[in-house]
Amino acid sequence: MLEAVIVDDEVKALQSLSWELTNLSDEVDIVASFTDAHEALDYLERNTPDCLFLDIEMPAMDGFQFIKSLKNKNFPVVITTAYNQYALKALKNEAIDYLLKPIDTDDLEVTIDKIKKYNTKNLTSEKLEKILLNFNADSHSKKITINTDGKLLFLNSDDILYAESDGNYSTIFLSDGQKILLTKKLKEVNTLLPDNSFFRIHNSYIINLNKIKEFLKTDGYVVLESNHKIPVSRQKKSDFLDML
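So, a few notes on the structure that sits alongside this text. Remember, predicted model here, so these are calculated numbers, not experimental data.

### Examining the packing of aromatic side chains
Applying the stated rule across the entire model yields 3 aromatic pairs. Look at Y162 and F173: their rings are 4.4 Å apart centre to centre, the planes differ by 10°, and that puts the pair in the stacked class. Here Y162, found in strand β8 (residues 160–166), pairs with F173, found in strand β9 (residues 169–174); they are 11 residues apart in sequence, far enough to count as distant. Residue classification places Y162 among the buried residues on the basis of a relative accessible area of 5%. The exposure class assigned to F173 is buried, which follows from its relative accessible area of 11%. Counting every residue linked through ring pairs, the aromatic cluster contains Y162, F173 and Y205.

Following this line, the structure appears as structure tokens:
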């Protein structure tokens, strides 16, 4: 069953599309409809439908402004309008289809088919991503999976020297000199790393224990194979020595 939401400031147009959708297929359920764009945005912040049918010409906020205001965009958007000049802009705003009013039943059938294919493909991608991310589940695994910049990186934990905190961001430093910036706090990065070989030595640093070259006890620093000097916090010193 496809759960659909309709946003159109014209009551008759909204009712007409609702009737078309419910009579076209018993697989479509209109879970909400709105003539007020702001009320629709509020609803979509709390709910994720299978598709959204959105009018362009609306008084308080046009359809493209509406799309930009969406915080949750995890569903396909179909543009509905009486004006054909918006087709290109609709595609640029990532709408999956464009229906010209009055909406033709055959065109609507094609659109429903596109929505189904889009959602099936999306669901498959989400499942695959979860499977890949679960490579991290084994705390002793040498391979870790990191989600960054819209892609999944597969790193060998032996290639990681250390990770450094920068507020809400973290940077992973690799043996070959590469740096990977993550939109994760250091405590989140810590959960991704094998706990048998990585240790949070300081509030701002996690190190690979296998990469330690020296421990300067007087100065309170470790020196890694790369010659990076990492401070050891007083609170972590005892636990760190136990790990060694």
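### Focus on the nonpolar core
Burial of nonpolar side chains together is a common tendency in soluble globular proteins. Counting 23 residues, the largest nonpolar core has V5, V7, L44, L52, L54, F66 and I79 as its most contacted members. Counting residues per element, the ones that place at least two in this core are β1 (2–7), β2 (28–34), α2 (37–46), β3 (51–55), α3 (63–69) and β4 (77–81). Ranked by residue count, the leading element in this core is α2, at 5 residues. Once you skip the residues sitting within four places of it in the chain, L54 turns out to touch V7, G63, F66, I67, V77, V78, I79 and T80.

### Comments concerning the sheet that holds strand β13 (residues 212–216)
Taken in spatial order, the 3 strands line up as β13-β14-β15 in an open sheet, and their pairing is antiparallel. Lying at the two open borders of the sheet, with one neighbouring strand each, are β13 and β15 (229–231). The sheet shows a mean angle of 25° between the axes of neighbouring strands, taken without regard to direction. Relative to strand β14 (residues 221–224), β13 runs antiparallel, the two sharing 4 bridges. Looking at the pairing, F215 lines up with V222 of β14.

### Some remarks on the sheet that holds strand β11 (residues 198–202)
With antiparallel pairing, 5 strands are arranged side by side in an open sheet as β10-β9-β8-β12-β11. If you trace the sheet from one side to the other, it starts and ends with β10 (179–182) and β11, each paired once. When the angles between neighbouring strand axes are averaged without regard to direction, this sheet yields 20°. Two strands pair when backbone bridges link them, and β11 and strand β12 (residues 205–208) are joined in this way by 4 bridges, in the antiparallel orientation. Within β12, the residue paired with R200 across the bridge is I206.

### Quick notes on the pairing of β3
In terms of burial, β3 is largely enclosed, as 5 of its 5 residues are buried. Here 4 bridges tie β1 to β3, and the two strands are oriented parallel to one another. Of the residues in β3, the one forming a bridge with A4 is C51. When β3 meets β4, the two strands line up parallel, connected through 4 bridges. If you follow L54 over to β4, its bridge partner there is I79. Tracing the backbone out of β3, into α3 and back to the parallel element β4 gives a crossover that is right-handed.

Here is what the cut-offs are and how they apply
- Note on numbering: residues in each chain are counted from 1, in written sequence order.
- In keeping with the model being predicted, local features are shown solely for residues with a pLDDT of at least 70 and side-chain atom pairs are shown and tallied solely at 80 or more, while totals for entire chains, interfaces and linings include all residues.
- With hydrogens and water excluded, all non-hydrogen atoms of the structure serve as input to the side-chain values.
- Classification of ring pairs uses Phe, Tyr and Trp, with its six-membered ring standing for Trp, and accepts pairs whose centres are within 6.5 Å; under 30 degrees between planes counts as stacked, over 60 as edge-to-face, and the remaining range as tilted.
- Helix numbering and strand numbering both begin at the N terminus, where a helix is a DSSP run of H or I of at least 4 residues and a strand a DSSP run of E of at least 2.
- For each residue, the accessible area found with a 1.4 Å probe, counting protein chains only, is set against the maximum for its type, and the residue is called buried under 20%, exposed over 50%, and partly exposed in between.
- The definition of a nonpolar core used throughout is a set of buried Ala, Val, Leu, Ile, Met, Phe, Trp, Tyr and Cys residues joined through side-chain atoms within 4.5 Å.
- It only takes one pair of heavy atoms within 4.5 Å for two residues to be counted as in contact.
- One bridge is not enough; two strands pair if DSSP finds at least two bridges between them.
- Here the axes come from fitting lines to C-alpha atoms, over the contacting stretch only for helices, and the angles between their N-to-C directions go from 0 to 180 degrees.
- Looking down the strands as they point away from the viewer, one classifies a crossover as right-handed if the path from the first strand across the helix to the second runs clockwise.

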